[in-house]
Amino acid sequence: MGNDQWFPPEWPERIRALAEGTLTPVVPKRAATVMLLRDTDGFPAVHMLRRRASMAFAGGAYAYPGGGVDPRDHDRTIRWAGPTRAWWADRLGVDETSAQAIVCAAVRETYEEAGVLLAGPTPETVVGDTTGTDWEVDRASLVARDLSFAEFLDRRGLVLRSDLLGAWTRWITPEFEPRRYDTWFFVAALPEGQRTRNASTEADRTVWIRPSEAAAAYDKGELLMMPPTVATLRQLVPYATAADALRAALDRDLTPVLARARLEDGEVVLSWPGHDEFTKHIPTGGAPA
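The sections below set out a description of the structure shown in this document.

Procedures and definitions
Residues numbered from 1 in each chain as written. Predicted model: local features only at pLDDT ≥ 70, side-chain atom pairs only at ≥ 80, totals over all residues. Heavy atoms only, no water. Helix = DSSP H or I, 4+ residues; strand = E, 2+ residues; numbered from the N terminus. Rg over C-alpha atoms; globule rule 2.2 N^0.38 Å. Buried < 20%, exposed > 50% of the residue type's maximum accessible area, 1.4 Å probe, protein only. Contact = heavy atoms within 4.5 Å. Areas by Shrake-Rupley, 256 points an atom, 1.4 Å probe, with all protein chains shown as cover. Polar contact = N/O pair within 3.5 Å; in protein donor to acceptor, adjacent residues only side chain to side chain. Axes fitted to C-alpha atoms, helices over the stretch in contact; angles between N-to-C directions. Parallel < 35°, antiparallel > 145°, perpendicular 65-115°, else oblique. Nonpolar A, V, L, I, M, F, W, Y, C, P; charged D, E, K, R; others polar. Pairing = 2+ DSSP bridges.

**Remarks on the overall build of the protein chain**
Scanning the protein chain from terminus to terminus reveals 8 helices and 14 strands. Scaling as 2.2 N^0.38, a compact globule of 289 residues should have a C-alpha radius of gyration of about 19 Å, and the protein chain matches this with 19 Å. Projected onto its principal axes, the C-alpha coordinates of the protein chain cover approximately 60 × 40 × 35 Å. Of all 289 residues assigned to the protein chain, the portion counted as buried reaches 50%. The long-range fraction of contacts in the protein chain, counting pairs at least 24 apart against all pairs at least 6 apart in sequence, stands at 70%. Of the accessible surface of the protein chain, which amounts to about 12700 Å², a share of 50% is contributed by carbon and sulfur atoms.

Here it is, written out as structure tokens:
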């Protein structure tokens, strides 16, 4: 399965340059993205947004709420519920301050882009409606980076609910890309009483869709997606509820997935280890096959 719709036209030249040693890879920035789930009749649906076509990275593609890690969230003490920072550090394969910042990024981006906040006044609760004017002022300040997420939590006396997240997988943008991210994918269930909305200036559409339906639409060429999105959708298909997916996250392998490009028999071969459907063979001066 799979198709060529996600294959940018500038990739072959950049891949060849990398394989020939004339392209120096950009250091990837840390990021987090969240597959927000809600139960429907028999299967969970996932919240997806379509990135505006004008976006420099993955324009026009369907994705999940997500974005870069804010360095300001590394060291500040915040109210924290769920597994300890040490547990998260071991799970994510980083140090404790980095783990806090990555989890903060996941929760912050879900709030910034979907209006859903995985935090509450106590370790056992989550906030209710976040659509009020005062909430929107804080959300806009987070988007503008005038306010760090740690400062936002402190200002509102909120506890970050890390127990509502499950680490699912980790993908690193290929070395030949000009914009690179080291991204942890998380799963989370939509908290009771909260609703999603298109709060992102980077998206022109949002949908709730079953993973199987989204993957099928990709296969038909109806929805544009990048490999990590397609792969994670396929991985979510077997689960009947959001809770099932969250439980499964505990045993997921977080070894980073990184595309490999190599020269072989006069062509460039691009592959993602463990994901054969995305393998491309690029003849010298030709299009992918």
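**Here we look at the environment of Leu-254**
Position of Leu-254 relative to the elements: it lies in the loop between α8 (242-249) and β11 (257-258). A relative accessible area of 10% means that Leu-254 is categorised as buried. C-alpha separation for the pair Leu-254 and Ala-167, spaced 87 residues apart in sequence, amounts to 7.8 Å. Look past the residues within four positions of Leu-254 in its chain and what remains in contact with it is Arg-91, Leu-92, Ala-167, Trp-168, Thr-169 and Arg-170.

**Thoughts on the side chain of Gln-100**
The residue Gln-100 is located in helix α3 (residues 96-114) in this model. A polar side-chain atom of Gln-100 sits 2.9 Å from the main-chain carbonyl oxygen of Asp-73. Not counting the four nearest positions on each side in its chain, Gln-100 is found in contact with Asp-73, His-74, Asp-75, Arg-76, Ile-78, Trp-80 and Arg-85.

**Quick notes on the packing of helix α2 (residues 85-92) against α3**
In the contact formed by α2 and α3, the axes pass within 8 Å of each other and the chain directions differ by 85°. Comparing their axes, α3 and α2 come out roughly perpendicular. Touching Arg-85, Ala-86, Trp-88, Ala-89 and Leu-92 of α2 are Glu-96, Ala-99, Gln-100, Ile-102 and Val-103, all from α3. For the contact of α2 with α3, the residue count by class is 7 nonpolar, 1 polar and 2 charged.

**Details of the sheet that holds strand β6 (residues 119-120)**
Ordered by their spatial adjacency, 3 strands build an open sheet running β5-β7-β6, and the pairing between neighbours is mixed. Each of the sheet's edge strands pairs with one partner strand only, and the pair in question is β5 (80-81) and β6.

**Re the sheet that holds strand β14 (residues 275-283)**
On the basis of which strands lie adjacent, the open sheet formed by 3 strands has the order β12-β13-β14 and antiparallel pairing. One side of each edge strand has no neighbouring strand; the edge strands of this open sheet are β12 (260-264) and β14. Averaged over neighbouring strand pairs, the angle between their axes works out to 20° when direction is ignored. Alignment of β12 against strand β13 (residues 267-272), held across 5 bridges, turns out to be antiparallel.

**Some words on the environment of Tyr-181**
Topologically, Tyr-181 is positioned in strand β9 (residues 181-189). According to the relative accessible area criterion, Tyr-181 is partly exposed, its value standing at 25%. As a C-alpha pair, Tyr-181 and Gly-67 span 114 residues in sequence and 9.1 Å in three-dimensional space.

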